[in-house]
Structures are given as structure tokens and as C-alpha cells.
Amino acid sequence: MSLEMTAGPPPSRRVKLPPQLLGSWEAGMLVFMAFLYLAGVLINPAFFGTTDAISAVLRDTARFGVMAVGMTFVIVNRDLDLSVGSTLGLVAVSFSILFAPTHLNLDAGTAMLICIGLGLLVGLINGLLVAILRVPPFIATLTMLFIGRGVVLGLTGGKTISYEIKARDYGFFAFGETNALGFNNQILIFLVFAIAGAVLLAKTRIGYETYATGGNDQAAQYAGINTRWVRIRAFLLSSLCAAVAGLMNVAQDKGVTSQYGQGAELIVIAAVIVGGASIAGGRGRVLGACLGAALVVLIDKVLREGVPTTRVIDVGGVKMEVAAMAQLPPGAVPAFLGLLLLGAVLLEPVVVRGNVLGRLKAWLLRQEAPASHDSGGIAIVGVKTMGAASDARGVGLRGFRAFLHRRDAAAIILMVVLWAAGFWLRPDFWGSLDNSFNLLLAFTEIGLLSLGLTYVIANGDIDLSVGSVLALSGAVAAFTMKELGGDPATAVVLALAAGVACGLFNGWLTAKIGMPAFVATLGMFYIARGLAAWLVSGRQLSAFPETYNLLGRNLSVVLESFGIHATGTFAAVARAVSVQTLFLAVVAGIAAVVLGATSFGQKVYATGGNERAASYAGINTQRVRLLSLVFSSLCAAAAGVIYVAYYRSFNPAAGQLRELDAIASVIIGGGSIFGGYGTIIGSLAGAAVITLIRALLSLQIFMSDGSSFVMPQHWMNVFIGLILLAAVIGDIWLRQNNIVSEWKRRRQARAQARHDTRATGVAA
Amino acid sequence: MTLLRLRGIGKEFGAIRALAEIDLTVAAGEVVGLMGDNGAGKSTLVKIIAGNFPPSHGTMIFDDQPVHFSRPIDARSVGIEVVYQDLALADNLTAAANVFLGRELKRRLGPVTVLDHAAMNRRAAALFQELKSETRADDLVRQMSGGQRQAVAIARTRLKEAKLVLMDEPTAAISVRQVAEVLDLIRRLRDAGIAVILISHRMPDVFTVCDRVVVLRRGSKVADKPIQSSSPEEVTALITGAKEAA
């Protein structure tokens, strides 16, 4: 994805190649950190006033810093690795399983080597997906994040593994201990990685190749640099660092929970960007990233430690004042870190290049504002001629063969096949009313999310925040009814308004500011879920008015609440169809007509196909992209409202991993991750495919020997992740590059060439 | 009859002066070749006429009306069409959809207004026939050859009664046979009374189809004369600065 941010004139003073070790940016960060720490001391002297606090901050910085070293290489390459937190967790869990006496009981050295190998394998997969199979890095590594998380949960079953006693016999665990000099050995490991990484990036050919690849991939290729290998190498490095961080973690804790590394990617990416790297590639320093890690960890600590307060409690009629900590509820911290990430991304292009400080000063002194950069409007140049692709597929075909050439044909066929497969596996159960009802319900949530995403993806953007917005909207609805005592209608309106607000924020960052959609919505991914957790204080809320819950009931319940009793066939239908299914049908109908038959839909496709061409044609592409993102968030918010009504409760984990399902639905249904394609029918068929796969995987299968088997939920998420990757790769290589007909053409050409040489041979 | 008259048009980007005091007139049905080295100001001048950005100073009169464009759509609404160097086509849409991009034909279907694909296909097919191009209206643009893509971009200019068509390097990225097709298309535009400003680096193209040649050098106009009274050698000398002005 190219960035408008890189297009302006380069800031002349700050870019010095080869990058020197410490610049003004780093110095500024050090000063800021000192102030932040002082603030921490003032607010919470009990914690930050001790040397323990300094060593705790440094110890935690060490792990994130090691990961930031690897991540710097990836980001300088203009890639992104969202899987580091997952890799950390995966390595920590794998080590524990290999080492723990309750499990495989290997020795520490072997377990460590296997884990390093595992980390490198994850990096290799990331690298191959991105550099060879050309899957956009955010989608490849996000899927790896979910797959890794699913494997971790599947392996541990959500339980804790600990091996404190066995660990005493192994020197390996000294890596996580405080040494004789009074500081933790992890800090030493961090120093080694930081220095090695800094020298590697600033002073060696590897670093030079990395900057070249991130600055201009094509120019680097022309210069003879194997940019594919450079990118794979960065992913290997990043995963290796994550693996080392995972090992540091188990060395310290001598045990593991399934939560290890959750959200670590956010801290690491924020650290690297805060450290002066550009999300647009080609810029960044290891030492900046390390200081960034310290800064972000410090912020994280300040947020988590809380502020000491006194609280008045009532014990048996006696009022007592007790010391307490005003703490953020669990899960709320990512909201701030997400904001920090977005702020860090905006810092360079908007504040530094846009000369915000200069303009602010001029405004304060009532002087004339300094001229902003005249970017010279939209460039006419930039040849993008694809050349002749003479294969006019599907043109002039009629009937079924024309259908087969539709981009959404595969999804529709797959849907039918999967449904038939379910009937074949469980004829006793599959066709029943209960099952149909459950399938439709599961379908509604994914379908609703995929409606909005169809617009966003057709626009060439992405919305990673749908699952989190679902949670936020549900939290708002639950909070309104439970804590504010609002009536159901107010709750629904506020929940939808929260969704619209998220969408506007996403759209403003993406369309107006020019931030890549995956970064903006990744920020929202954390912000919305953090806010949701904050609103409900990380608890599950339930017991809402029954009129609200009707939104998630089937029609016969709704009718009965109005005193109408259905009979006959109508009753059967009314039991299978619920309010949310009808709602989905209505919204889908409108969305399909708008996208497929109106000029707004045409604008969406044109913007996704060639944004510049669209804007020349008089289309306000910013508005189109903003509206699409708002619609996507609105759909997610509606799904959140329905979620709460259906379950009669709200859980902060609502909608987790749903973005995966929804993106997969749209891509399977004919959308392209590069924009310009996608239909509502296709996306709904894709959503049906995902629903059916989930349903099939969770079917209880009876073996011939009478035993039965059900796949656990975690492994199912791994499977869905694999399907998303397969769908994206299939789209890139089968639909876009048409590798099959290319292969056929080459084979024919080769056969022809053989034939020709034989013919000339005979003639001679 | 004068169609477009530029007076003292200039453009500065910060401290950089891209264009200085350009006067230029274009008559209806005239093909003007705009030539100059890289950085001479051709693209800047075309972008000002096309409404990509406003001039720093100077006046523009089109069809006897003073005009101020701030967006491409403003220029198009008075009858100035542009064929961009990269054609500015959306690869994922059909030829007809590209021709009608931003001004789709619609019909009412009950309460909603929907796109009239059939009418757009018919109209686009007629335009392609008029341009004697083999392009099919319902083909996707991504499956087309360079010449067919040119035809789509040019058909777009014929949709409304355009009066002036700006063409930015239309022959830069296509094969020799397709160049001939494009030059034919330009002649057909001229025969229909439409003025064309052709920006090109290719001397033969300019001398084949243009009535007049304008040469820019370092932001200033150094020549503006009928094609018959000039020669490729003279224009080359003007572009490089070997000859000061003509």
C-alpha cells in the first residue's frame, strides 16, 4: 500500500544516512521519560519512589525492547508484524510443555533450542506469506496472531503450567533472575540485542539493504538487492526476538498462563513508531525503538499501577476510611496504548512536517502563519498501464458458465456443498428446526459484520476494528440499561451512536488524514475493546429488561409477547426466524441495492479500483471512504446490540476474533484485499460458508466404535485463520493473477516452441 | 474563433517558479502541440487548465467567460476534458462504467434511483463505434490492450459535448501500431470541431497531427507558430535552448 505521507519533500535536517547512533529525537524521548517518571513518583510514591520500581520497569522493558529490536527491521522494510505477542505466548507455552515434569519433561537446553526453532518457523511462514505469496503484511501477520493465540489456548486448555521445583536444577532460569550486581539478567540480554541490532541496522550491509527496501522496493531490486530475502530476513529476526522474549518470560516466571504475550504487539509497534520509525518504511533506528520501548512500558506501568486514594466504606453501619487504589479495570489499558500508537503514527507527518508547532506559535503571537507545504495537487504522472491481458474471461458466456465466471460463484457453490456435507454427516440432526435456527443465528452476526466490510474492502480499505466495535456497542447498551437506568430504546440509540463515533474516527484518520486504514482501524481495534472493558469494569453484565432482549428472540416469542399465538406452518417458520435474521435481511437488501445498482456503489468500486481516476471523475473519494467506514462500524454496532439481546448479558470478550470471520467472508465471497471488488450476495455467501464451517467443525461426530468427538473452540479459530489465509492467497493468485491460465498458456507456448524446433529441424 | 485564452498565467510552488507569464490562445477545432523538456512547465500548465490546481496569477477565459477552476470537475463542467497520461481508468470496472464514471445514467425504479447499465452500455458502444475502435462496452478494463484503453479514455471525452480536450503524452506507453490509432482519434476529434492540446515528447506525432506548436522552456513560452512554418530541427533547438526564441 503506498502512502501519501511519503510524497512530500523530505525533511532535510533530520534524515542523516547512515543514521547516527543518537539523534535529537532520542534525546527528546529521554527528557520526556524523565518527566513521566517524575510524574509517576508524585502521583504514586509508594510504587515509583522505590528502586524496585526502576528495576521492574527496566525488567519489563527488556522483553519488549528485545522484540522492538526485531520489529524495527520489519517496520523499516515497510512491513508490519502483528504476530509477535502471539509468538511470545506460543514459545513460552511450548517451552513449558516441553520442560514441565507434568508434560514432556525434557531438559531446558533442548526445550530452548526447539523453541527458538519454533520462533524461526513462525518468522519464515510470515516472510513467505508476505514476500513470496504477496499477502499484505497486516493481514498475514494478523491471521498468524489469531492462529498462534488459538494454538496457545488449545495447547494449554486455558490452564496454567508451572514447574518451579524442577527449574531449580537448571542454570537456564538464571536468565530471568536478579544477578549479584543487583539487576535482572534480562536487562543484560536486552543490552546485547540492542547493541547487536543497532550495529546491524546502522553499520552493516544488512541494514543498508533494509533501508533501501523500505525506501523504494523497486529501486532496491534494480540495484541487485534481493528484497524478498531482505523482507523474509526481517520477519525471521522479529520472530526470533519474540521467541527470545518468550524464553526470558518463562525464565523469570518458571511457569506460563495462556495470557502470555497478549497485546504485546501493540506495545512493541507503538515503541518502534514512538522511537522515530515511519510506518511508511525507510526510516527508523534501533536505539530509538529501545527508548520507545522504555517509554511505552513506563506509560503502561503508570496506567496499570493506578492512583492511591481513600475510599469510605460502610462496615456494619460504621463508616471507615480505607486506603485504596483507583485502578483502571483489566483490559482498559489497551485503549490508551491504541491512542498512543495512532498519535505516534501521526506525530511525524502531521506535527513535524505539517509544522503544527510553528503554526501554533504564530497563532499565539498573532503573526501570519508560516506557509504549509504546497504539495502541488494531484500528480498527473505515474503510469499504471497494466498492458494487455487478452484473456477475456467470462465475456459473452450465458447461463451457468457465466455464473461460474462470477467472482462470488465459488462462495455460493461452497455454501451449498458444505450444507450438503452437514446433512450427510448428521442426517438425524442437520435438517432440524433447532439446527437451522442456530445456523441462522450464528450467520446473522458474521453476515452483519461482512455487510459493512464489503463496502470498506471494495473501497480498498480494511476495517480490523469490527469485533471491538461490536464489544463497545454491546458495552454501551449494557452500561446504559444497567448503570444509568436507561430504557431499551435509549440503550440502542446510544450503542449505535458509539458505533458511528468509532466509524467517524476511523474514517477521519483514514480518509482525511491519510493514515493507512489498517493502522487506523488497528488502533481502534484496541481502543474500542479497551473502552468496552472500562465501561463494564471488566465484568459481565446481565439481567436487562425483557423488551430489550426481544431483539434477540425468535418471532414466535416476540409475537407471544404481543399476545399473538401463531399456528401451523407459520408457527414453525416463526420459531426458526428471529428478529435479528429479519433485520439482517432488510439491511442486506438495502446494502445490496446501494452497492450493486446505484451510483454510490459505482463510486465505491471506482474508488477502490483507482482512487485518482475516481477523484478526476468528480467523485469525492474521501467522503465515499469515510461513509463506508462509518457504515462498517454501524453494522458492527448493530451486531453488538443484538449480541447483548440474544445472550441476555454482556461479556467483555464479545466479538473477539469476529474480524477474522468477517474479513474471510468478504474475501471468500469475491472481494479483493486490494480493493475494487466484492458483492453483498458474495459476502453473505462467504459468511454462510464460514458459519457452516464452524458448525461442521463443532458437530459431534459419532465414530463406529460408539465414541464421539467434538473439536474444541480454540482449534476451530486456528482453522478459520488458515481459511482466511487460503482465501486471500487464492484471491491474489487465482483471481487477480490468474495463475492457472498463465500456467496453461506457458505450457502451450513451450509445446509450440518444441513443435517449431522439431519442424525446423526436419526442414533443415 | 478563440476558445481558450490565457493571459499572464503563472504558478509558484513556494520559492520555485514553475510557470511565468504564459499567454496562449486556442481556437475551436485547432490541434496545438505543447512541447518542452522535462520541468519546462508543460504539466503545470495543463494541470492549471484542467483544474487540478489554480494558477498563482493570471486570467483564463474560456468560451468568452472568465473561469476559475479549483477542482477537475469544474473544468469538465464547462467542456474541458482531459486524457491523463496513465488514462486514469479503474481497472476493475467495465469500459462503459469507466466512460460514465462520475456521471452515470440512472433510471427510477419505484422509490429508488438505480444505474441504467443497459443504456450506458448502448451509449458507450455507440461511442466506440464512432471512434472506430473494437472495444466492447461490457469488457473489464483490466483485460484490455493499450489501444483499447486509450479508446476508453478518449470516449469519455466525447460523452458530453466537450470543446477542448487535453491529452498528456497519449502515445508514451503504447506500441507503434496503436500510436497510429491514437493519432487517428485526435484527427477525428478535430474534425468534430473540438480543440485539442497535445502534450508530447514525440516530434513525429506533433508534426503529423498538430496545426500549431507551442514550446515551453524553463517556465516561459519561447515559441508559438504554425506547424508549416516550423521544423523538427527548429523545435528541438528551441526545446534545448540552442535557439533562444522564435
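Keep in mind that this is a model prediction, so the values were computed, not measured.

## Regarding the overall build of chain B
Move 1: Within chain B one finds 8 helices and 12 strands.
Move 2: In terms of overall dimensions, chain B is globule-like: its C-alpha atoms have a radius of gyration of 19 Å, near the 18 Å expected for 246 residues.
Move 3: Taking the principal axes of the C-alpha coordinates as reference, chain B spans close to 65 × 40 × 35 Å.
Move 4: The buried share of chain B, taken over its 246 residues, is 57%.
Move 5: Here the analysis covers contacts within chain B between residues at least 6 apart in sequence; of these, 65% occur between residues at least 24 apart.
Move 6: Taken together, the 33 basic and 29 acidic charged side chains of chain B have centroids lying 3 Å from each other.

## Observations concerning the overall build of chain A
Move 1: When helices and strands are counted, chain A shows 32 helices and 8 strands.
Move 2: The proportion of buried residues among the 764 residues of chain A is 52%.
Move 3: Of all intrachain contacts in chain A linking residues separated by at least 6 positions in sequence, the fraction that spans at least 24 positions is 77%.

## Here we look at the side chain of Glu30(B)
Residue and element names in this part refer to chain B.
Move 1: Within the secondary structure, glutamate 30 sits in the loop between β2 (16-27) and β3 (31-36).
Move 2: Take glutamate 30: its relative accessible area is 15%, and that puts it in the buried class.
Move 3: Polar side-chain contacts of glutamate 30 include one of 2.8 Å to the backbone nitrogen of alanine 27.
Move 4: When sequence neighbours within four positions are dropped, the list of residues in contact with glutamate 30 reads Thr25, Ile194, Ala195, Val196, Asp211 and Arg212.

## Re the packing of helix α18 (residues 433-458) of chain A against helix α30 (residues 680-697) of chain A
All names here are of chain A.
Move 1: It is at 8 Å that the axes of α18 and α30 come closest, and there the two elements cross at 140°. Compared by their axis directions, α18 and α30 come out oblique. When the axes of α18 and α30 are compared, the crossing they make is right-handed. Only Ile680, Ser683, Leu684, Ala687, Ala688, Ile690, Thr691, Leu692 and Ala695 of α30 make contact with α18, whose side of the interface consists of Leu439, Ala442, Phe443, Ile446, Gly447, Ser450, Leu451, Thr454 and Tyr455.

## A word on a positive patch on the surface
Move 1: There is a patch of like positive charges on the surface, built from Lys744(A), Arg747(A), Arg750(A), Arg754(A) and Arg758(A).
Move 2: Of note, Arg750(A) is situated in helix α32 (residues 739-763).

## Some words on the pattern of salt bridges
All names here are of chain A.
Move 1: Scanning all chains against the criterion turns up 36 salt bridges over all chains.
Move 2: The residue glutamate 546 makes a salt bridge to arginine 648 at a minimum N-O spacing of 3.4 Å. Here glutamate 546, found in helix α22 (residues 546-549), pairs with arginine 648, found in the loop between α28 (621-647) and β6 (649-650); they are 102 residues apart in sequence, far enough to count as distant.
Move 3: Judged by relative accessible area, glutamate 546 falls into the partly exposed class, the value being 44%.

## Digging into α18(A)
All names here are of chain A.
Move 1: Compared with an ideal rise of 1.5 Å per residue, which puts 26 residues at 38 Å, α18 spans 35 Å between its outermost C-alpha atoms and is within 8% of the ideal.
Move 2: Of all the bends in α18, the largest measures some 30° and sits at glycine 452.
Move 3: With 20 of 26 residues buried, α18 is to be regarded as a mostly interior element.
Move 4: Trailing α18 by a residue or two, glycine 460 shows a phi angle of about 85°, which is positive.

## Let's talk about the environment of Phe48(A)
Residue and element names in this part refer to chain A.
Move 1: Note that phenylalanine 48 resides in helix α2 (residues 45-48).
Move 2: A relative accessible area of 3% means that phenylalanine 48 is categorised as buried.
Move 3: In this view, phenylalanine 48 contacts Tyr37, Gly40, Val41, Ala53, Leu298, Lys301, Val302 and Glu305; residues no more than four positions away in its chain are not counted.

## A look at the domain arrangement of chain A
Residue and element names in this part refer to chain A.
Move 1: Taken domain by domain, chain A comprises domain 1 (53-308) and domain 2 (405-711).
Move 2: The C-alpha-based centres of domain 1 and domain 2 are spaced at 33 Å.
Move 3: Counting from both sides, the interface comprises 12 residues of domain 1 and, opposite them, 13 residues of domain 2.
Move 4: For the pairing of domain 1 and domain 2, the buried interface totals around 1200 Å² over both sides, and the portion due to carbon and sulfur atoms is 92%.

The rules behind these values
Residues numbered from 1 in each chain as written. Chains lettered and ligands numbered in written order. Predicted model: local features only at pLDDT ≥ 70, side-chain atom pairs only at ≥ 80, totals over all residues. Heavy atoms only, no water. Helix = DSSP H or I, 4+ residues; strand = E, 2+ residues; numbered from the N terminus. Rg over C-alpha atoms; globule rule 2.2 N^0.38 Å. Buried < 20%, exposed > 50% of the residue type's maximum accessible area, 1.4 Å probe, protein only. Contact = heavy atoms within 4.5 Å. Lys, Arg positive; Asp, Glu negative; His and termini not counted. Charge placed at Lys NZ, Arg CZ, Asp CG, Glu CD. Polar contact = N/O pair within 3.5 Å; in protein donor to acceptor, adjacent residues only side chain to side chain. Axes fitted to C-alpha atoms, helices over the stretch in contact; angles between N-to-C directions. Parallel < 35°, antiparallel > 145°, perpendicular 65-115°, else oblique. Left-handed = near helix turned anticlockwise from the far one by under 90°. Patch = residues over 30% accessible without salt bridge, like charges linked within 9 Å, V, L, I, M, F, W, Y side chains within 5 Å. Areas by Shrake-Rupley, 256 points an atom, 1.4 Å probe, with all protein chains shown as cover. Salt bridge = Lys/Arg side-chain N within 4 Å of Asp/Glu carboxyl O. Expected span 1.5 Å × (residues − 1). Bend = angle between axes of the 7 residues up to and from the residue. Domains from an automatic or database assignment. Buried area = accessible area lost by both parts, 1.4 Å probe.

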